[in-house]
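Structural description and commentary
Here are the chains, one letter per residue:
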Amino acid sequence: MHNFSAGPCILPQEVMQQAAQAVKELDNSGLSLIEISHRSPAFIDIMERATSLALELLGLQNKGYRAMFLQGGASQQFLNVAYNLLETKAGYANTGTWSTKAIKEAKLLGEVVEVSSSKDTNFNYIPKGYAIPTDLDYLHITTNNTIFGTQYKTLPDTNATLVADSSSDIFSRQLDFSKFGLLYAGAQKNMGPAGTTLVVVREDVLGKVSRQIPSMLDYKIHADKESMFNTPPVFAVYTSMLTLEWLKNKGGVAAIEKENEAKAALMYGEIDRNPLFDGFAAKEDRSTMNATFTLNTPALKESFEGMAKEAGLNGINGHRSVGGYRASMYNALPLSSVQALVDVMKTLEKNA
Ligand SMILES: *Cc1c(COP(=O)(O)O)cnc(C)c1O
């Protein structure tokens, strides 16, 4: 099978095997990963490795950042971010479904300025060149828009604390991550199974709001307790740690970025070349993770989908708000899977 699923999605084969083994028995301990105390030395070590690998891969070690593995998904962070950072006014760039949801939660807690939006054209581009107020507590962006297939190539220029939902492109490319005050990512796109969310925060960003923060929503508490304020999702954290080790062994973010660029070039090259298909996202904003495209000859729909199924291509249907198709090309997806999809597109054209 070629797994193009948008999330949960493909993980490295060797990570799957190691994770499955750890459920049976963790490192010759005679016990399963999921039946030992999260306060055992074995699991404390796993949590430490996971958080320090996350910082290392982002180039944020010894720069005043903390990494945490929390629960509730990226959607929970829509609320947590505002709870912990929004005192008077926050700015949000609205680039899709996830940004819209983040805005909705933030509005529960204070003034929110939508600094830009690409809603006018169903979010097929990343707005640029807009004015950003200078009195924001923070500016929130969604670095990769999973549903629409757009991605920031450069970060907005702002004096405000930059906050990002990077759920679907974390660890996929190099950026100057020290430009972010906070970034978060649900595990189930480039890291591990659903059940945990990575939050990376620069310590000086915290402790500035006057409201009382419930303990489970308080980043400072989770950071001080090393992600062990309550029982962490041990399987999701362990599997994420394995993926981060896999990535480090491959050469880190710089190495995977090259592979991701090669996959994206192959995919978009065919979308642009093949007269039967049209890309959805504006070319300069195309995501290297999620390629969105449509078939412009409806009569060939059944034929294309039948051939795709035959070729073992799984998860290429577009999100209902865009339609068409979406090829998600996360870190663990091999180039050969993109080639298999491209081959089907070419064959469809030849037979048409
Ligand atoms: C998938 C996704 C989410 C939602 O993640 P959950 O863990 O399901 O809450 C949020 N933002 C982005 C960019 C996503 O891709």
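Residues numbered from 1 in each chain as written. Predicted model: local features only at pLDDT ≥ 70, side-chain atom pairs only at ≥ 80, totals over all residues. Heavy atoms only, no water.

Core analysis: the biggest nonpolar cluster contains 80 residues, and Phe171, Met267 and Phe304 have the highest contact counts within it. Residue contributions to this core reach at least three from each of two domains, namely domain 1 (13-250) and domain 2 (252-351). Residues within four places of Phe171 in sequence aside, it is in contact with Ala54, Leu57, Leu58, Met191, Leu198, Leu244, Leu247, Val253, Ile256 and Asn331. (Core = buried A, V, L, I, M, F, W, Y, C linked by side-chain atoms within 4.5 Å. Buried < 20%, exposed > 50% of the residue type's maximum accessible area, 1.4 Å probe, protein only. Domains from an automatic or database assignment. Contact = heavy atoms within 4.5 Å.)

Over the atoms a probe the size of a water molecule is rolled, and this reveals where empty space is left. Under the criterion given, the structure shown has two cavities of 30 Å³ or more. Here the largest cavity is characterised by a volume of approximately 50 Å³. Of the residues contributing to the lining of the largest cavity, the split by class is four nonpolar, two polar and two charged. Along the walls of the second largest cavity sit Ile10, Leu11, Pro12, Lys189, Asn190, Met191, Thr243, Trp246, Tyr330, Asn331 and Ala332, which together make up its complete lining. Within the residue set of the lining of the second largest cavity, elements represented by two or more residues are α5 (187-190) and α7 (234-250). Considering only residue class, the lining of the second largest cavity consists of seven nonpolar, three polar and one charged. When residues of the lining of the second largest cavity are assigned to domains, at least three fall in each of domain 1 (13-250) and domain 2 (252-351). (1 Å grid on protein atoms, 1.4 Å probe; cavity = no way out; pocket = protein on both sides within 12 Å on 5 of 7 lines; lining within 4 Å. Points joined across faces, edges and corners; volume = space filled by probe spheres on them. Nonpolar A, V, L, I, M, F, W, Y, C, P; charged D, E, K, R; others polar. Helix = DSSP H or I, 4+ residues; strand = E, 2+ residues; numbered from the N terminus.)

With antiparallel pairing, three strands are arranged side by side in an open sheet as β11-β12-β14. At either end of the open sheet lies a strand with only one pairing partner, and these are β11 (277-279) and β14 (325-328). Geometrically, the sheet is characterised by an average inter-axis angle of 35° between neighbouring strands, direction not taken into account. Here four bridges tie strand β12 (residues 290-295) to β14, and the two strands are oriented antiparallel to one another. Its bridge partner being in β14, Thr292 is matched across the sheet by Arg326. Those strands touched by helix α8 (residues 252-273) are β11, β12 and β14, and its axis lies near 20° from that of β12. Helix α9 (residues 301-310) contacts β11, β12 and β14 of the sheet and is inclined by roughly 25° relative to β14. (Pairing = 2+ DSSP bridges. Axes fitted to C-alpha atoms, helices over the stretch in contact; angles between N-to-C directions.)

Structurally, the position occupied by Thr142 is in strand β5 (residues 138-142). For Thr142, a relative accessible area of 1% gives the class buried. Polar side-chain contacts of Thr142 include one of 2.8 Å to the side chain of Ser99. When sequence neighbours within four positions are dropped, the list of residues in contact with Thr142 reads Thr95, Ser99, Tyr152 and Asp165. (Polar contact = N/O pair within 3.5 Å; in protein donor to acceptor, adjacent residues only side chain to side chain.)

One can read the domain layout of the chain as domain 1 (13-250) and domain 2 (252-351). Placing a centre on the C-alpha atoms of domain 1 and another on those of domain 2 gives a separation of 27 Å. Here domain 1 packs against domain 2, burying approximately 2300 Å² in sum over the two surfaces, 52% of which is carbon and sulfur. Considering only the side of domain 1, the residues that lose the most area to domain 2 are Ile147, Gln174 and Lys250, jointly responsible for 21% of the buried surface there. At the boundary of domain 1 with domain 2, the tally comes to three salt bridges. The closest approach of N and O atoms between Lys250 and Glu259, which form a salt bridge, is 3.2 Å. At the boundary of domain 1 and domain 2, one finds 18 residue pairs in polar contact (both at pLDDT 80 or more). Elements that contribute at least two residues to the side of domain 1 that touches domain 2 include exactly β7 (150-151), α5 and α7. With four residues, the top contributor of residues to the side of domain 1 that touches domain 2 is α7. Its residues placed into classes, the side of domain 1 that touches domain 2 shows 10 nonpolar, 12 polar and seven charged. (Buried area = accessible area lost by both parts, 1.4 Å probe. Salt bridge = Lys/Arg side-chain N within 4 Å of Asp/Glu carboxyl O.)

Let us look at the packing of aromatic side chains. Per the counting criterion, the structure on display carries nine aromatic pairs. Their ring planes at 55° and their centres at 5.1 Å tell us that Phe123 and Phe148 sit as a pair that is tilted. On the criterion of sequence distance, the pair formed by Phe123 in the loop between β4 (111-117) and β5 and Phe148 in the loop between β6 (144-145) and β7 is long-range, its members being 25 residues apart. Residue class for Phe123 comes out buried when judged on its relative accessible area of 6%. Take Phe148: its relative accessible area is 2%, and that puts it in the buried class. Ring centres of Phe277 and Phe304 lie 5.2 Å apart, and the angle between their planes is 65°; this geometry places the pair in the edge-to-face category. Linking Phe277 in strand β11 with Phe304 in helix α9, this pair joins segments that are 27 residues apart in sequence. Like Phe304, Phe277 is buried. (Phe/Tyr/Trp six-rings, centres within 6.5 Å; stacked < 30°, edge-to-face > 60°.)

Take the layout of surface pockets next. There is about 260 Å³ of room inside the largest pocket. Secondary-structure elements contributing two or more residues to the lining of the largest pocket are α2 (41-57) and β2 (65-70). At six residues, α2 tops the list of elements feeding residues into the lining of the largest pocket. Looking at side-chain class alone, the lining of the largest pocket contains eight nonpolar, three polar and five charged residues.

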